[in-house]
Amino acid sequence: MNTDKMTMSAWMTIGRGLGFTGAISASLLGGAFAFEYLGGLMPCTMCIWQRWPHAIIIVAALVGLRGITPVAMMGLIAIMAAISIGLGGFHAGVEWQLWQGPSGCSAALQSNMAVTDLVDQLLATPVIRCDEVAWSFLGISMAGWNAIFSLDMLLIALFAMLGRNNIKHQNSGIR
């Protein structure tokens with residue numbers, strides 16, 4: 001192996017992975033709060049769901065960076081990033097009308113309902129709907145960007161854990 005050229009998995013240590021994923025999640029969560037509190041863009045139910053994995057990633061990164069089970073924290077981050085990919089991807093699909101979102105989050109009204117049932121369903125539908133894109137950049141909604149950045153975090157976590165294994169094998173003489 002050429003030691004002059006370091007592979008991504010060897011360069012991406014657990015510590016770097018914890019730092020990068022924690023910073024990305026903090027940026028995404030901070031951005032979501034900025035859109036809400038500074039920009040007045042209220043989140044829908046599914047947007048709130050997408051915040052939880054990032055909060056957990058931030059805590060896991062901080063715990064791991066303190067030296068408390070960093071490898072386990074990196075594993076937890078990988079799991080949370082995968083969950084965030086699923087939530088963001090599902091939400092983006094709801095926004096693009098590829099599938100229906102959870103009941104009470106989307107406004108899929110049935111036309112054959114009695115007037116009282118229709119009124120009840122309208123009153124149960126939140127003002128902030130999950131099936132409408134509130135903001136997008138380059139044609140990708142916030143949910144879509146969340147899924148993309150979460151995929152990046154998952155890859156960072158996997159490279160960090162793979163790099164740890166490569167270093168162990170190199171140090172033990174196993175190639």
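These figures come from a predicted structure and were not determined experimentally.

K.L.:
I keep staring at the overall build of the chain and nothing clicks. Help me out?
P.N.:
Looking only at helices and strands, one finds six helices and two strands in the chain. Overall, the chain shows an N-to-C arrangement of helices and strands of α-α-α-α-α-β-β-α. Looking at the 175 residues of the chain, the share that counts as buried comes to 31%. In the chain, the proportion of contacts linking residues at least 24 apart, taken out of those at least 6 apart, comes to 72%. Carbon and sulfur atoms provide 68% of the accessible area of the chain, an area that totals close to 10200 Å².

K.L.:
Teacher, can you tell me more about the nonpolar core here?
P.N.:
Nonpolar side chains tend to gather and get buried jointly when the protein is soluble and globular. Membership of the largest hydrophobic core comes to 17 residues, with the highest contact counts inside it found for Ile 14, Leu 18, Ile 57, Met 74, Ile 77, Ala 81 and Ala 160. Among the secondary structure elements, those contributing two or more residues to this core are helix H2 (14–37), helix H3 (45–65), helix H4 (70–95) and helix H6 (142–172). Here the element with the most residues in this core is H4; it accounts for six residues. For Leu 18, the contacting residues outside a window of four places in its chain are Ala 60, Ala 61, Gly 64, Leu 65, Pro 70, Met 73, Met 74 and Ile 77.

K.L.:
Where do I start with the packing of H3 against H4 in this structure?
P.N.:
When two helices pack together, their arrangement is given by the angle between the helix axes and by the axis-to-axis distance. Two elements in contact, H3 and H4, have axes separated by 9 Å at closest approach and are oriented at 165 degrees. Between H3 and H4, the angle falls in the class roughly antiparallel. For the pair H3 and H4, the sense of crossing is left-handed. A class-by-class count of the residues in the contact of H3 with H4 yields 19 nonpolar, six polar and no charged.

K.L.:
Explain the packing of H2 against H4 here, please?
P.N.:
Contact pair H2 / H4: the axes reach a minimum separation of 10 Å and the direction vectors enclose 40 degrees. With respect to each other, H2 and H4 are oriented oblique. Here H2 and H4 pass one another in a crossing that is left-handed. Residues Ile 14, Gly 17, Leu 18 and Thr 21 of H2 pack against Pro 70, Val 71, Met 73, Met 74 and Ile 77 of H4. Partitioned by chemical class, the residues of the contact of H2 with H4 number seven nonpolar, two polar and no charged.

K.L.:
Looking at this structure, how should I read unusual backbone geometry?
P.N.:
What you tend to see is this: most non-glycine residues have negative phi, and most peptide bonds are trans. Although it is not a glycine, Thr 69 sits at a positive phi angle of roughly 40 degrees. Among the secondary structure elements, Thr 69 is positioned in the loop between H3 and H4.

K.L.:
When you look at a nonpolar patch on the surface in this model, what are you seeing that I'm missing?
P.N.:
Together, Leu 151, Leu 155, Leu 158, Phe 159 and Leu 162 line one region of the surface with nonpolar side chains, adding up to about 410 Å² of accessible area. Counting through the fold element by element, Leu 155 comes out in helix H6.

K.L.:
I'm lost on the packing of aromatic side chains in this one. Help?
P.N.:
Aromatic rings in a pair are described by how distant their centres are and how their planes are angled relative to each other. Under the defined criterion, the tally for this structure stands at two aromatic pairs. Ring centres of Phe 33 and Tyr 37 lie 6.1 Å apart, and the angle between their planes is 25 degrees; this geometry places the pair in the stacked category. Here Phe 33 and its partner Tyr 37 are both found in helix H2, four residues apart, which amounts to about one turn of the helix. Since its relative accessible area comes to 60%, Tyr 37 is described here as exposed. An angle of 35 degrees between the planes, with centres 6.1 Å apart, marks the rings of Trp 145 and Phe 149 as tilted. Residue Trp 145 and its partner Phe 149 are located together in helix H6, separated by four residues, close to a single helical turn.

What counts, and where the lines are drawn
Once a new chain begins, its residue numbering starts again from 1 and follows that chain's sequence as written. Where totals are concerned, whole chains, interfaces and linings use all residues; where local detail is concerned, this predicted model gives features only for residues with pLDDT of at least 70, and gives and counts side-chain atom pairs only at 80 or more. Only heavy atoms go into the side-chain values, all of them from the structure, while hydrogens and water stay out. Think of it this way: any DSSP run of H or I at least four residues long counts as a helix, any run of E at least two long counts as a strand, and we number them from the N terminus. Think of it in three bands: residues with accessible area under 20% of the maximum for their type are buried, residues over 50% are exposed, and the middle band is partly exposed, with areas taken using a 1.4 Å probe on protein chains only. The criterion used for residue contact is that any of the two residues' heavy atoms lie within 4.5 Å. Here the open area of atoms and residues is found with the Shrake-Rupley method and a 1.4 Å probe, where only the protein chains shown may cover a residue. As used in this record, nonpolar core signifies buried Ala, Val, Leu, Ile, Met, Phe, Trp, Tyr and Cys residues forming a set joined through side-chain atoms within 4.5 Å. For helices, the axis comes from a line fit to the C-alpha atoms of the stretch in contact; other axes are also lines fit to C-alpha atoms, and the angle between any two N-to-C directions lies between 0 and 180 degrees. For this classification, under 35 degrees means roughly parallel, over 145 means roughly antiparallel, 65 to 115 means roughly perpendicular, and everything else is oblique. Crossing handedness follows the turn of the near helix against the far one: under a right angle anticlockwise gives a left-handed crossing, and clockwise gives a right-handed one. We call Asp, Glu, Lys and Arg charged. Ala, Val, Leu, Ile, Met, Phe, Trp, Tyr, Cys and Pro are nonpolar, and the rest, Gly among them, are polar. Within the patch definition used here, like charges are joined within 9 Å and nonpolar side chains (Val, Leu, Ile, Met, Phe, Trp, Tyr) within 5 Å, considering only residues with over 30% relative accessible area and no salt bridge. We define a salt bridge as a side-chain nitrogen of Lys or Arg found within 4 Å of a carboxyl oxygen belonging to Asp or Glu. Think of it this way: a Phe, Tyr or Trp ring, Trp meaning its six-membered ring, pairs with another when their centres are within 6.5 Å, and the plane angle makes it stacked under 30 degrees, edge-to-face over 60, tilted otherwise.

By themselves, these are just geometric observations and shouldn't be taken as functional.
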